[in-house]
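Listed below, chain by chain, are the residues.
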Amino acid sequence: MNIHAEIEGIEYKLIMSNELKEINIVDFDINTMPSCCIIKSRKYNFAISKWVSPKRTRSYPFERVYNTLSVSKKITVIPIIKDEGSKGDRDFIQWDTISLMSLLDVYVIFAYYHKAEKHSTRENKITNQKFDNEYVLSKIEEIGNYHSSALHWNLKEIKDCLPFLIDKVKQYYSNINKQLGVSFHSSSGIDKFRKQFEDGFNKFMETSRNKAKEAQHREQMTIQPREVLTTATKATITIKNYLGGLYYLTTDEIAIKDEILYLIEGKHSTNSQLPSLGDIKDGLLKMILYCNLTNVLIENINYTVVPILKLTSNHITGKLTSSDSDDNYKLFFKNNTFNNSQIEILNTLFKESQLNNFEIIIQGE
C-alpha cells in the first residue's frame, strides 16, 4: 500500500528532550562534546548535536537531534562519508537526511574525519575517528553570522562545499592508510559520489531518492525480527513538504477504519520492560512528522491520520493506552512492577502525546 501526504510546517511541543549541558565556545571540541549540548559565545547560544555516521540507522542520531529541537537555532554535525576500513562499513550522506534536517529547521555542518586509530583486534579496520575541530568551529562562526533559514544554509553548503569536502575525505583516508597501514574501500566509490555534484546537486538528490525508494520497497517486504505487530501490514509513505522535499518512509504498521488511517511506529525490547530512551525518541521524531501530515491520500481517497507510538516488550503483561483512565495507569504500573524512573518516563511520554494529539500503546508480546 502506498500513502502520499504533505507537510506544510512543523508544530510540536517537546516534553521528553534532555536538559542540555552548556559549553563555552572557547572550550568546545566536537570530538569530546556530549552527543548534544548548548554552545555559547558572546553573540549566540546554539543547540548542537553530532552524528557518528552519515547513516541514519546507526547510533540513534534522531534522538540527538530531537533533544535540540526546543532551542530556536539548531545545528547538527554529520560526517559526509565514513569509512571504517576494508573490513568495516562505508557510508555516504543521503539527500533525504539533509532534506529532513531542513524541514526541522536544523543547520547542517557537513564534516569529515581527519584522524583515526588502528583497531586493536581487527585487521584493516580503524576506530576512534576524529572530526577536524577547527573546520567545525569555523562553520559554527559562519552560522552565527548567517541570517537566512536552515534550508538556505543547507542548500548553499551542498553547492559550495561538498565537492571540496569529498576531496578532503579522500585525502585524509589516504593519509590514514599510509600512517596506520590499514586498507580502505576503493576510492572509486568516493569519486563516483563526488561526480553527482559536478552539475549541481540534482543528480545527488535523484540518486539518493532512488536508493531511498529501493530501501523503502525492501523494508516493506520485510518484517524485522524485533518488530512485534498486531498485523503484518506495512505501507510506504511518501511525504512532500512545502520546500519541495520528498521523504520516503515505511510505516511499521497501519490500520484503516472508515476514513481514518492509523500510522503506527513500533519499538520493541526483548531484554527489558521498555525500549531504550534512544528508541523512544527515535519514534517521537516520526510522531513529529506524522502529527503534521496534511492531504493524506491512498488511491486518491483522503484520510484523517491518527499517529500511534507502540512500545512492546517480552517482559510486559497486559496493555495500556494513553487514553486509558488514571486507575488503569496505576493498575498497569503495579502489575508490571515498574520502578519510579520507568513511571516518570511513561507519564512524561503520555503528556507529550496528549499535547500533540498522538496515541501511545504499551503492551506485551
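Residues numbered from 1 in each chain as written. Predicted model: local features only at pLDDT ≥ 70, side-chain atom pairs only at ≥ 80, totals over all residues. Heavy atoms only, no water.

**Details of the layout of surface pockets**
- Taken as a whole, the second largest pocket spans an internal volume of roughly 250 Å³.
- Val52, Lys82, Tyr113, Asn128 and Gln129 are, among the 14 residues lining the second largest pocket, the residues nearest its centre.
- With six residues, strand S10 (residues 126-131) is the single largest residue contributor to the lining of the second largest pocket. (1 Å grid on protein atoms, 1.4 Å probe; cavity = no way out; pocket = protein on both sides within 12 Å on 5 of 7 lines; lining within 4 Å. Points joined across faces, edges and corners; volume = space filled by probe spheres on them. Helix = DSSP H or I, 4+ residues; strand = E, 2+ residues; numbered from the N terminus.)

**What about unusual backbone geometry?**
- Of note, the phi angle at asparagine 128 is positive, near 50 degrees, even though the residue is not glycine.
- For asparagine 128, the position within the fold is in strand S10.
- Classification of asparagine 128 as partly exposed rests on a relative accessible area of 35%.
- At asparagine 300, a residue that is not glycine, the phi angle is positive and equals roughly 65 degrees.
- Tracing the backbone shows asparagine 300 in the loop between strand S15 (293-298) and strand S16 (301-313). (Buried < 20%, exposed > 50% of the residue type's maximum accessible area, 1.4 Å probe, protein only.)

**Looking at the confidence of the model for the chain**
- With 91% of its residues at a pLDDT of at least 70, the chain reaches an overall mean of 89.
- Ranking the elements of the chain by mean pLDDT puts helix H6 (residues 202-220) last with 65 and strand S5 (residues 74-79) first with 98.
- Considering only residues more than four positions removed or in separate chains, one finds that residues 223-232, a stretch of pLDDT under 50, has 17 contacts. (pLDDT = per-residue confidence, 0-100. Contact = heavy atoms within 4.5 Å.)

**Concerning helix H3 (residues 133-144)**
- In this model, H3 (twelve residues) spans 16 Å end to end at C-alpha, consistent with the 16 Å of a helix rising 1.5 Å per residue.
- Turning to H3, the residues buried within the fold contact strand S3 (36-40), strand S4 (45-50), S5, strand S8 (106-111), S10 and helix H4 (150-180). (Expected span 1.5 Å × (residues − 1).)

**Description of the packing of helix H2 (residues 95-103) against H4**
- The N-to-C vectors of H2 and H4 enclose an angle of 155 degrees; their axes lie 9 Å apart at closest approach. Between H2 and H4, the angle falls in the class roughly antiparallel. Read as a crossing pair, H2 and H4 show a hand that is right-handed. Of the residues in H4, those touching H2 at Trp95, Ile98, Met101 and Ser102 are Leu151, Asn154, Leu155 and Ile158.
- Classifying every residue of the contact of H2 with H4 by side-chain character gives six nonpolar, two polar and no charged. (Axes fitted to C-alpha atoms, helices over the stretch in contact; angles between N-to-C directions. Parallel < 35°, antiparallel > 145°, perpendicular 65-115°, else oblique. Left-handed = near helix turned anticlockwise from the far one by under 90°. Nonpolar A, V, L, I, M, F, W, Y, C, P; charged D, E, K, R; others polar.)

**Observations regarding the nonpolar core**
- Formed by 103 residues in total, the largest nonpolar core has its most connected members in Phe28, Ile140 and Leu284.
- The element contributing the most residues to this core is H4, with eleven residues.
- For isoleucine 140, the residues in contact, after removing those within four places along its chain, are Ile25, Phe28, Ile39, Tyr44, Phe46, Ile48 and Ile109.
- Judged by nonpolar contacts, the second largest core, of five residues, contains Leu20, Cys36, Ile38 and Ala47. (Core = buried A, V, L, I, M, F, W, Y, C linked by side-chain atoms within 4.5 Å.)

**Topic: the packing of aromatic side chains**
- On inspection of all chains with the given rule, the structure shows 14 aromatic pairs.
- Centre to centre, the rings of phenylalanine 92 and phenylalanine 193 are 4.8 Å apart; their planes meet at 45 degrees, and the pair counts as tilted. In this pair, phenylalanine 92 is assigned in strand S7 (residues 90-92) and phenylalanine 193 in helix H5 (residues 188-195), connecting sequence segments 101 residues apart.
- By relative accessible area, phenylalanine 92 is classed as buried at 17%.
- Taken together, a centroid distance of 5.6 Å and an interplanar angle of 10 degrees make the contact between tyrosine 112 and tyrosine 172 stacked. Placement of tyrosine 112 in the loop between S8 and strand S9 (113-118) and of tyrosine 172 in helix H4 is noted, with a sequence separation of 60 residues between them.
- Judged by its relative accessible area of 3%, tyrosine 112 falls in the buried class.
- The class for tyrosine 172 is buried, based on a relative accessible area of 15%.
- Directly above the ring of tryptophan 153 sits lysine 156, whose terminal nitrogen or CZ lies 4.3 Å from the centroid. (Phe/Tyr/Trp six-rings, centres within 6.5 Å; stacked < 30°, edge-to-face > 60°. Lys NZ or Arg CZ within 6 Å of the ring centre and 35° of its normal.)

**What about the sheet that holds strand S2 (residues 22-24)?**
- The strand order across the open sheet formed by five strands is S2-S3-S4-S5-S8, and the pairing between neighbours is mixed. Strand pairing shows two members of the sheet lacking a second neighbour, S2 and S8, which therefore form its edges. The sheet shows a mean angle of 30 degrees between the axes of neighbouring strands, taken without regard to direction.
- Sheet analysis places S3 next to S4, joined by five bridges and oriented antiparallel. Within the sheet, the bridge partner assigned to isoleucine 39 lies in S4 and is phenylalanine 46.
- The sheet strands contacting H2 are S5 and S8, and the helix crosses S8 at an angle near 145 degrees. (Pairing = 2+ DSSP bridges.)

**Details of the environment of phenylalanine 46**
- Note that phenylalanine 46 resides in strand S4.
- When near neighbours in sequence (up to four residues on either side) are disregarded, phenylalanine 46 contacts Cys37, Ile38, Ile39, Lys73, Ile75, Ile140, Ile143 and Gly144.

**Remarks on the pattern of salt bridges**
- Within the structure shown, the criterion is met by eleven salt bridges.
- Aspartate 191 is the salt-bridge partner of lysine 170, the closest N and O atoms lying 2.7 Å from each other. Of this pair, lysine 170 sits in helix H4 while aspartate 191 sits in helix H5, and the two are 21 residues apart along the sequence.
- Classification of lysine 170 as partly exposed rests on a relative accessible area of 30%.
- Accessibility expressed as a relative area gives 35% for aspartate 191, which makes it partly exposed.
- Residues glutamate 253 and lysine 310 are paired through a salt bridge, measuring 3.0 Å at the closest nitrogen-oxygen approach. Of the two residues, glutamate 253 sits in strand S13 (residues 253-257) while lysine 310 sits in strand S16, which places them 57 residues apart along the sequence. Judged on exposure class, the residue glutamate 253 and its partner lysine 310 are both buried.
- One network of salt bridges, with partners in common, ties together Lys139, Glu142, Lys156 and Glu157. (Salt bridge = Lys/Arg side-chain N within 4 Å of Asp/Glu carboxyl O.)

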